[in-house]
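Summary of the model geometry
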Amino acid sequence: MSLTRVHNRMVSGAAVNVKDFGAKGDGTTDDTTAIQAGLNSGNGQIYFPSGNYYIAGSTLTVPDNVQIYGDGKNSLISIDASGRSDPLSDHIFIAGSNTIFRDLTIDGDRSDAIQEIRSIFIDNENNVSIDNVTFSNHGVGIWTGYADNIKITNCDFTSDTSKVHIVTSGTASGYSSNLFVQNNFFGTTETEAIDINDKTRSVIIDANSFFNNHTGADADGTEVIDIGGTTSCLDLVITNNRVNNNNAADSFVWAKLGSERVIVSGNTITNLKTSGGSSAVRISNSKYIDVIGNSVVNATGLAVLEEESSTVTSEHINISQNTCSNISGQGIFIDTHTTAPKDIVIDGNTFSDLSSSSRCIYVIQADRIVISNNVLLSFGNDGISLSATCLNAIVSNNNIHDCSDGMSITANGALIQGNTVNNCTAFGIRLSSTDCVISGNNLINNAQSGVGLVGANNSCITGNICSGNTNFGVHVVTASSDVVLVGNMLANNTISGIGSVANLTGTPANANNVV
């Protein structure tokens, strides 16, 4: 009597072993044909037992409704990329929907490959899960094109030779959408760890660890997560991630042209570049950006708004409730733009233990900006500086200590109200502008004066407490006209309540002050 050997592939619905199709897993035999036969067999589960499965340059194509799995790091798919010539070729092409890829290791052989070669490419498909996969030595670990509902979880992207770990880029057919990236480790890369390109929407990047990303040079700056480029990147949430970048990248997130409705919240960001870098979050020509509740330690700054293109104006920017220490540059910087960025809120942030000789919050150009409830400690320059091209500014209820000028205001029409400024090495508030109101501030123990009027005009100084300052409560440093000084407490300053009052010209009012 003869016996027939039973394979799992003979049992309907059972997992099949790639070795049943002739794969050797010995690291030298080309297993491409055997593995593809298993993928094409119609079985829903394809198992890679422990071994080294050598792929000699062809692309594996994964069909619909397949679960591919192995024994974790003991199941290695080893790519030979030496024969590749197409810069956007693929090692594994997921051409089917409802696919699960888990518990495997992929070596992309970037040392012999063109820079951008992709370990896994997903296009024109949906419902793909990649879980507990180790990616190493790749041009691109995972690239999603026109695809929907892609989950990348619990993966280890690690290698000193990888270029970028995840790239999204929608196509003419549609968006790369509903991408969920959680609990992954993103190790050293030459460029970004994650590159979110045009036509991408609805992305969550949550609870990942990033280490030593973007170690290569880049003329326009280096970042861990890059968003945007020319057209829409919409509805992104980047939250609860841990970043230790080993002084490699300028920024954690750069929201570029086309970025809209992006939330960066609850991240712990440490050890970005502190010399010649940018800021933890970099915003260029973007709308509805929220930077909320992040912790930043050892970086050049918290956030910068700058112009990359004159075609789109940044607006509706909210930078709130962040804590920052050991900042070497400007904490928040809004640079010159063709059209002023507008509707900006900077609220409830804390800057402390700083080594910077720069300004803490420095606004060159903005329209409709509110700066409130921030705590600014120990900047070597001004705590808050508003330039002449900053319009419709409200600065209220901030606590500023141990800076140069607590505030330096050359912006016209600003309302400066309810702030506490003390122990600064120059003025509590330096005013060099027109049509401003300085009301209800506590300006105490500053090395020069509580308020310094340096060419201020048509402004009102009322209801402030200026006490314990080394020179004056209010010092009219240079000619200032039509300034109203009413109802201020100007007692207990070293020299007097008001200094150089003769420099006031026009029709000033000086009444009901306590000196």
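First things first, this report covers the structure right here in the doc. The shown structure was predicted, so the numbers you read here are calculated from the model rather than taken from an experiment.

Within the protein one finds one helix and 54 strands. Along the first, second and third principal axes, the C-alpha set of the protein runs to 120 × 35 × 35 Å. Put simply, the protein has 515 residues, and 57% of those count as buried. Considering only residue pairs separated by 6 or more positions, the protein has 65% of its internal contacts joining residues 24 or more positions apart. Separation between the mean location of the 23 positive side-chain charges and that of the 47 negative ones in the protein comes to 5 Å.

Quick look at a nonpolar patch on the surface now. On the surface, I465, M489 and V514 cluster together into a nonpolar patch covering about 220 Å² of accessible area. Mapped onto the fold, I465 is located in strand β48 (residues 465-467). Take I465: its relative accessible area is 36%, and that puts it in the partly exposed class.

Even without a glycine there, the phi angle at N271 is positive, about 60°. Relative to the helices and strands, N271 is located in the loop between β26 (268-270) and β27 (281-284). Positive phi values are uncommon outside glycine, yet N392 reaches one of about 55°. Its location among the elements puts N392 in strand β38 (residues 384-396).

Of all eight residues making up helix α1 (residues 32-39), six are buried, and the element is well covered by its neighbours. When α1 is considered as a whole, its buried residues turn out to be T32, A34, I35, Q36, G38 and L39. Packed against the buried residues of α1 are β2 (26-30), β3 (45-48), β4 (51-55), β5 (60-62) and β6 (67-70).

Let's shift gears to the side chain of S279. For S279, the position within the fold is in the loop between β26 and β27. You can call S279 buried: its relative accessible area is 4%. Once residues within four sequence positions are removed from consideration, S279 is found in contact with D250, S251, F252, G301, L302, A303, V304 and Q330.

Tracing the sequence through the fold places H138 in the loop between β11 (125-136) and β12 (140-144). Ignoring anything within four residues of it in the chain, the contact list for H138 reads G108, R110, S119, F157, T161, S162, K163, V164 and H165.

Using the criterion set out here, one finds one cavity of 30 Å³ or more in the structure. Each pocket or cavity is described by its volume, and for the largest cavity that value is around 40 Å³. Around the largest cavity sit I35, L39, F48, L60, V62, I68, I77, I92 and F101, which together line it. Those elements that provide at least two residues to the lining of the largest cavity are α1 and β5.

Taken across its five residues, strand β15 (residues 164-168) has five buried, putting it largely inside the fold. As judged from the four bridges shared by β12 and β15, these two strands associate in the parallel manner. Paired with V140 across the two strands is V164, which belongs to β15. The pairing of β15 with strand β18 (residues 194-196) spans three bridges and is parallel. Looking at the pairing, V167 lines up with D195 of β18.

Going residue by residue along β27, you find V281 and I283 tucked away on one face and R282 and S284 tucked away on the opposite face as well. Pairing between strand β24 (residues 251-255) and β27: three bridges, direction parallel. By the bridge assignment for β27, W254 is matched with R282.

The final tally for this structure, using the stated rule, is 11 salt bridges. R261 is the partner of D235 in a salt bridge, and the nearest nitrogen-oxygen pair spans 2.5 Å. Remark: R261 occurs in strand β25 (residues 259-265) and D235 occurs in strand β22 (residues 233-239); sequence separation between them is 26 residues. A relative accessible area of 37% means that R261 is categorised as partly exposed. Here the residues in one salt-bridge network are D235, E260 and R261, joined through shared partners.

Inspection of the secondary structure assignment puts T274 in the loop between β26 and β27. Among the residues examined, T274 registers a relative accessible area of 34% and is labelled partly exposed. For the pair formed by T274 and S328, sequence separation is 54 residues and the distance between their alpha carbons is 5.7 Å. Apart from residues lying up to four places away in sequence, T274 is in contact with N247, N298, A299, T300 and S328.

About the criteria used
Residues numbered from 1 in each chain as written. Predicted model: local features only at pLDDT ≥ 70, side-chain atom pairs only at ≥ 80, totals over all residues. Heavy atoms only, no water. Helix = DSSP H or I, 4+ residues; strand = E, 2+ residues; numbered from the N terminus. Buried < 20%, exposed > 50% of the residue type's maximum accessible area, 1.4 Å probe, protein only. Contact = heavy atoms within 4.5 Å. Lys, Arg positive; Asp, Glu negative; His and termini not counted. Charge placed at Lys NZ, Arg CZ, Asp CG, Glu CD. Patch = residues over 30% accessible without salt bridge, like charges linked within 9 Å, V, L, I, M, F, W, Y side chains within 5 Å. Areas by Shrake-Rupley, 256 points an atom, 1.4 Å probe, with all protein chains shown as cover. Salt bridge = Lys/Arg side-chain N within 4 Å of Asp/Glu carboxyl O. 1 Å grid on protein atoms, 1.4 Å probe; cavity = no way out; pocket = protein on both sides within 12 Å on 5 of 7 lines; lining within 4 Å. Points joined across faces, edges and corners; volume = space filled by probe spheres on them. Pairing = 2+ DSSP bridges.

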